Amino acid sequence: MVQNMSDATPIIRRLGPNDTGDMRALIDLLGRAFEDVDYRDPPPVDYLQSVLGDPGFVALCATVNDKPAGGLIAYEFRKFEQVRSEYYIYDLAVDAAYRRRGIATALIEALKPIAAARGGYVFIIQTEPDNAAALALYGKLGTREEVVSFDIDVS
């Protein structure tokens, strides 16, 4: 029996250095989801291989019927005051056609054993204050903290 898009179970896997094609597809999905032009011109293959080979970088891709449905990008921040790490979820998005099916939650759950194996103890994730869907999801999974962040240009 062939599953249709509405009842197919997503398959989540971590991308590695040999998955640059899948990483480019994930970058495209994230760019569309965020409507962000910075995602339109992905870096060269050798750079992607290097990033994907870094054990402190996590790219998870959820596929449904072999098509990218969502993804998560996280970075490990090793702490200095204790032997442990925090994981910053930098990007998390689900393609509009696959939303409201638990894929974002499944991606976060898939990150847990990866982070735990490397001494991770907490995830940090940010969203815009008006992103009701993200606020609802993250509110179910964790504790909200009020913070102010700044972007400081290096030049």
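A short tour of the structure in this document, coming up.

How each quantity is defined
Residues numbered from 1 in each chain as written. Predicted model: local features only at pLDDT ≥ 70, side-chain atom pairs only at ≥ 80, totals over all residues. Heavy atoms only, no water. Helix = DSSP H or I, 4+ residues; strand = E, 2+ residues; numbered from the N terminus. Core = buried A, V, L, I, M, F, W, Y, C linked by side-chain atoms within 4.5 Å. Buried < 20%, exposed > 50% of the residue type's maximum accessible area, 1.4 Å probe, protein only. Contact = heavy atoms within 4.5 Å. Axes fitted to C-alpha atoms, helices over the stretch in contact; angles between N-to-C directions. Parallel < 35°, antiparallel > 145°, perpendicular 65-115°, else oblique. Nonpolar A, V, L, I, M, F, W, Y, C, P; charged D, E, K, R; others polar. Phe/Tyr/Trp six-rings, centres within 6.5 Å; stacked < 30°, edge-to-face > 60°. Lys NZ or Arg CZ within 6 Å of the ring centre and 35° of its normal.

Its identity is not glycine, yet Glu35 carries a phi of approximately 50°, on the positive side. With respect to the secondary-structure elements, Glu35 resides in the loop between helix H1 (20–34) and helix H2 (45–52). For Asp66, which is not glycine, the phi torsion reads 65° and is therefore positive. Within the secondary structure, Asp66 is located in the loop between strand E2 (57–64) and strand E3 (67–78).

As a further point, take the nonpolar core. In a soluble, globular protein the nonpolar side chains are often hidden away together inside. Of all hydrophobic cores here, the largest spans 23 residues; its most connected members are Leu72, Leu92, Ile103 and Leu111. At the level of elements, E2, E3, strand E4 (85–94), helix H3 (103–117) and helix H4 (132–141) are the ones that each hand at least two residues to this core. Of all the elements, H3 adds the most residues to this core, at seven residues. Not counting chain neighbours up to four residues away, the residues in contact with Ile103 comprise Pro10, Ala62, Val64, Ala69, Val94 and Tyr98. The next biggest cluster of nonpolar side chains, apart from the first, holds 14 residues, and it includes Leu26, Leu30, Ala59 and Ile73.

As a further point, take the packing of H1 against H2. At their nearest, the axes of H1 and H2 sit 10 Å apart, and the two run at 95° to each other. Taken together, H1 and H2 sit at an angle that is classed as roughly perpendicular. Along the contact surface, H1 presents Thr20, Met23, Arg24 and Ile27, while H2 presents Val45, Leu48, Gln49 and Leu52. A class-by-class count of the residues in the contact of H1 with H2 yields five nonpolar, two polar and one charged.

With the rule as written, the count across this model stands at six aromatic pairs. Judged by centre distance (5.8 Å) and plane angle (85°), the rings of Tyr75 and Tyr90 are edge-to-face. With Tyr75 in strand E3 and Tyr90 in strand E4, this pair connects stretches of sequence that are 15 residues apart. What makes Tyr75 partly exposed here is its relative accessible area of 33%. Following the ring pairs from residue to residue traces out a cluster consisting of Phe57, Tyr75, Phe77, Tyr88 and Tyr90. Over the ring of Tyr121 we find Arg84; its NZ or CZ atom is 3.8 Å from the centre of that ring.

As far as function goes, none of this settles anything; it's purely spatial.
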